[in-house]
Amino acid sequence: MVTANVPMDAFHSSVASARTFLFVPGNRPERFPKAAASAADLVVIDLEDAVPDDEKEAARVAASTWLAAGMSAAVRINGIGTEHCSNDIAAMSGLNGLSAVVIPMAADSRTIAGVYQMLGENVEIVALIETAAGVLNAREIAAAPGVARLAFGHLDFAADIQSSVESDAMLYARSTLVMASRAAGLPGPVDGVTTQLDDYLVAANDATRSRKLGFTGKLCIHPGQAEGVNAAFMPTDDERTWALRVLSASASGGAVRVGGEMVDAPIVLRAQDILRKSQAGESR
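If you're wondering where the values come from, they're calculated on a predicted model, not measured in any experiment.

Q: Help me out: how do you make sense of the pattern of salt bridges in this one?
A: Oppositely charged side chains can pair when the atoms bearing their charge come close. Under the counting rule described, the total for this entry stands at eight salt bridges. Arg 28 is the salt-bridge partner of Glu 30, the closest N and O atoms lying 2.4 Å from each other. Taking the shortest distance from any N to any O, the salt bridge between Asp 191 and Arg 174 comes out at 2.9 Å. Remark: Arg 174 occurs in helix 9 (residues 167-183) and Asp 191 occurs in strand 7 (residues 190-191); sequence separation between them is 17 residues. Judged by relative accessible area, which is 2%, Asp 191 ranks as buried.

Put into structure tokens, the structure is as follows:
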């Protein structure tokens, strides 16, 4: 039986509330300060895809040095079961600046629980789901010990199932992650990267589509993407105006009409959620 492991309103950590997860290659420590100074909510030092095998150790040292110096970041470790993964975990364990560990190719809850046990209970886990097995096991993964967020690696997923990366082809997987997150009591999942770097508006538009599906964050690969993505996950002015009208009209109790729309309990809850997210954004 799957049980919730984090309350839906527990937006108490940077991992749970982050809208933008900005990857920075672990073998490029000169980029760490620029990433940290960007509009991204959370920096993710990447020890996996962005780093060649012969530079893994140097990247590991750079990441641990940055975190040991009092800086904060998440770290994407190498795949579970690899020698690089074991070395990553050993190097990151006990570092106070470690916000979270991103586990690539997350496919089952058992292996995630093993990583959590090695890291310790103070480290949150972002399970990056990139395969058909991961999608089918998403609910169990979301409920695994230490998992604070699900994320979707749609490029690897498309390669795994031999499909297009277009939105329609990815809809089932994305909706599955949204449902799995909700069922396990997690915040909405984090959507995959936008590879277009010449036009940051593309990432913002992708984030807008993701939000409509129930995602609450997005992976980014360039600091310039962060500001637009952050804005895309915040309620619009029109949504805030609508929410205020709904709450004002519903103050008397019972079902009422606002702009020709019936307003009952579920609509009121939606309005409250919009204002809550708006206020949270203003306090950042």
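Q: In this structure, what is going on with the packing of helix 10 (residues 200-213) against helix 11 (residues 223-232)? I would like to understand it.
A: Relative orientation and spacing of two packed helices are given, respectively, by the angle between their axes and the distance between those axes. Across the interface, helix 10 lies against helix 11 with an axial gap of 8 Å and an inter-helix angle of 30 degrees. With respect to each other, helix 10 and helix 11 are oriented roughly parallel. For the element pair helix 10 and helix 11, the recorded crossing hand is right-handed. On helix 11, the residues touching Tyr 200, Ala 203, Ala 204, Ala 207, Thr 208 and Arg 211 of helix 10 are Gly 224, Gln 225, Gly 228, Val 229 and Ala 232. The class makeup of the residues in the contact of helix 10 with helix 11 is six nonpolar, four polar and one charged.

Q: Teacher, can you tell me more about the packing of aromatic side chains here?
A: Summed over the entire model, instances satisfying the criterion amount to two aromatic pairs. Seen in terms of ring centroids, Phe 32 and Trp 66 are 5.6 Å apart; in terms of plane orientation they differ by 75 degrees. Their pairing is edge-to-face. Separated by 34 residues along the polypeptide, Phe 32 in helix 2 (residues 32-36) and Trp 66 in helix 3 (residues 56-68) bring together distant segments of the chain. Trp 66 shares its class with Phe 32; the two are buried.

Q: Would you explain helix 9 in this entry?
A: Given 3.6 residues per helical turn, the α-helix brings residues three or four places apart onto the same face. In a regular helix each residue adds 1.5 Å, so 17 residues correspond to 24 Å; helix 9 covers 23 Å between its end C-alpha atoms and thus fits that length. Most pronounced at Ala 173, the bend in helix 9 amounts to some 30 degrees. Turning to helix 9, its buried residues are Met 170, Ala 173, Arg 174, Thr 176, Leu 177, Val 178, Ala 180 and Ser 181.

Q: Honestly, the nonpolar core in this entry has me stumped. Any pointers?
A: The tendency in soluble globular proteins is for nonpolar side chains to be buried side by side. Ranked by internal contacts, the top residues of the largest apolar core, which has 57 residues, are Ile 45, Ile 112 and Leu 150. Membership of the second largest hydrophobic core comes to 16 residues, among which are Leu 42, Leu 128, Ala 151 and Val 193.

Q: In this structure, what is going on with the side chain of Asp 88? I would like to understand it.
A: Its location among the elements puts Asp 88 in helix 4 (residues 83-92). Reaching out from Asp 88, the side chain makes a polar contact with the side chain of Arg 60 at a distance of 2.7 Å. Residues within four places of Asp 88 in sequence aside, it is in contact with Leu 47, Arg 60, Ile 77 and Asn 78.

Q: Before we go on, may I ask you to explain the environment of Leu 197 in this structure?
A: In this fold, Leu 197 is placed in the loop between strand 7 and helix 10. Discounting chain neighbours no more than four positions away, the residues touching Leu 197 are Ile 221, His 222 and Gln 225.

Q: I keep staring at the packing of helix 3 against helix 4 and nothing clicks. Help me out?
A: The interhelical angle for the contact between helix 3 and helix 4, taken along N-to-C directions, is 20 degrees, at an axis separation of 10 Å. The angle between helix 3 and helix 4 falls in the class roughly parallel. Classified by chirality, the crossing of helix 4 by helix 3 is right-handed. Here helix 3 contributes Lys 56, Arg 60, Ala 63, Ser 64 and Leu 67 to the contact with helix 4, which in turn contributes His 84, Asn 87, Asp 88, Ala 91 and Met 92.

Q: What am I meant to see in the confidence of the model for the chain here?
A: Close inspection of predicted coordinates is inappropriate in any region flagged by low pLDDT. Scored by pLDDT, the chain has a mean of 89; 92% of the residues are at 70 or more. Counting interchain partners and residues more than four positions distant, the pLDDT-below-50 stretch residues 1-12 has 27 contacts.

Q: Explain unusual backbone geometry to me, please; I cannot follow it from the model alone.
A: With the exception of glycine, most residues fall at negative phi, and the peptide bonds are largely trans. For Met 105, which is not glycine, the phi dihedral falls at a positive 50 degrees. On the secondary structure map, Met 105 appears in the loop between strand 4 (98-103) and helix 5 (109-119). Looking at Met 105, the relative accessible area reads 37%, which means it is partly exposed. In the Ramachandran plot, Gln 162 falls in the positive-phi region, its phi being about 55 degrees despite a non-glycine side chain. One can find Gln 162 in the loop between helix 8 (154-161) and helix 9.

Q: Help me understand helix 10 in this model?
A: The end-to-end C-alpha distance of helix 10, which contains 14 residues, comes to 21 Å, matching closely the 20 Å that a straight helix rising 1.5 Å per residue would cover. Burial in helix 10 covers these residues: Ala 203, Ala 204, Asp 206, Ala 207 and Ser 210. Projected onto a plane normal to the axis of helix 10, the buried residues spread over an arc of 160 degrees and lie on a single side. The exposed residues of helix 10 that point more than 90 degrees off its buried face are Leu 201 and Lys 212. Buried-residue contacts for helix 10 involve strand 7, strand 8 (217-220) and helix 11. Sitting at the amino-terminal end of helix 10 is Asp 199, which places a side-chain oxygen 3.0 Å from the backbone nitrogen of Leu 201. One or two residues past the end of helix 10 sits Gly 214, with phi positive at roughly 115 degrees.

Rules of the game
- Residues numbered from 1 in each chain as written.
- Predicted model: local features only at pLDDT ≥ 70, side-chain atom pairs only at ≥ 80, totals over all residues.
- Heavy atoms only, no water.
- Salt bridge = Lys/Arg side-chain N within 4 Å of Asp/Glu carboxyl O.
- Helix = DSSP H or I, 4+ residues; strand = E, 2+ residues; numbered from the N terminus.
- Buried < 20%, exposed > 50% of the residue type's maximum accessible area, 1.4 Å probe, protein only.
- Axes fitted to C-alpha atoms, helices over the stretch in contact; angles between N-to-C directions.
- Parallel < 35°, antiparallel > 145°, perpendicular 65-115°, else oblique.
- Left-handed = near helix turned anticlockwise from the far one by under 90°.
- Contact = heavy atoms within 4.5 Å.
- Nonpolar A, V, L, I, M, F, W, Y, C, P; charged D, E, K, R; others polar.
- Phe/Tyr/Trp six-rings, centres within 6.5 Å; stacked < 30°, edge-to-face > 60°.
- Expected span 1.5 Å × (residues − 1).
- Bend = angle between axes of the 7 residues up to and from the residue.
- Core = buried A, V, L, I, M, F, W, Y, C linked by side-chain atoms within 4.5 Å.
- Polar contact = N/O pair within 3.5 Å; in protein donor to acceptor, adjacent residues only side chain to side chain.
- pLDDT = per-residue confidence, 0-100.
- Arc of directions from axis to C-beta.

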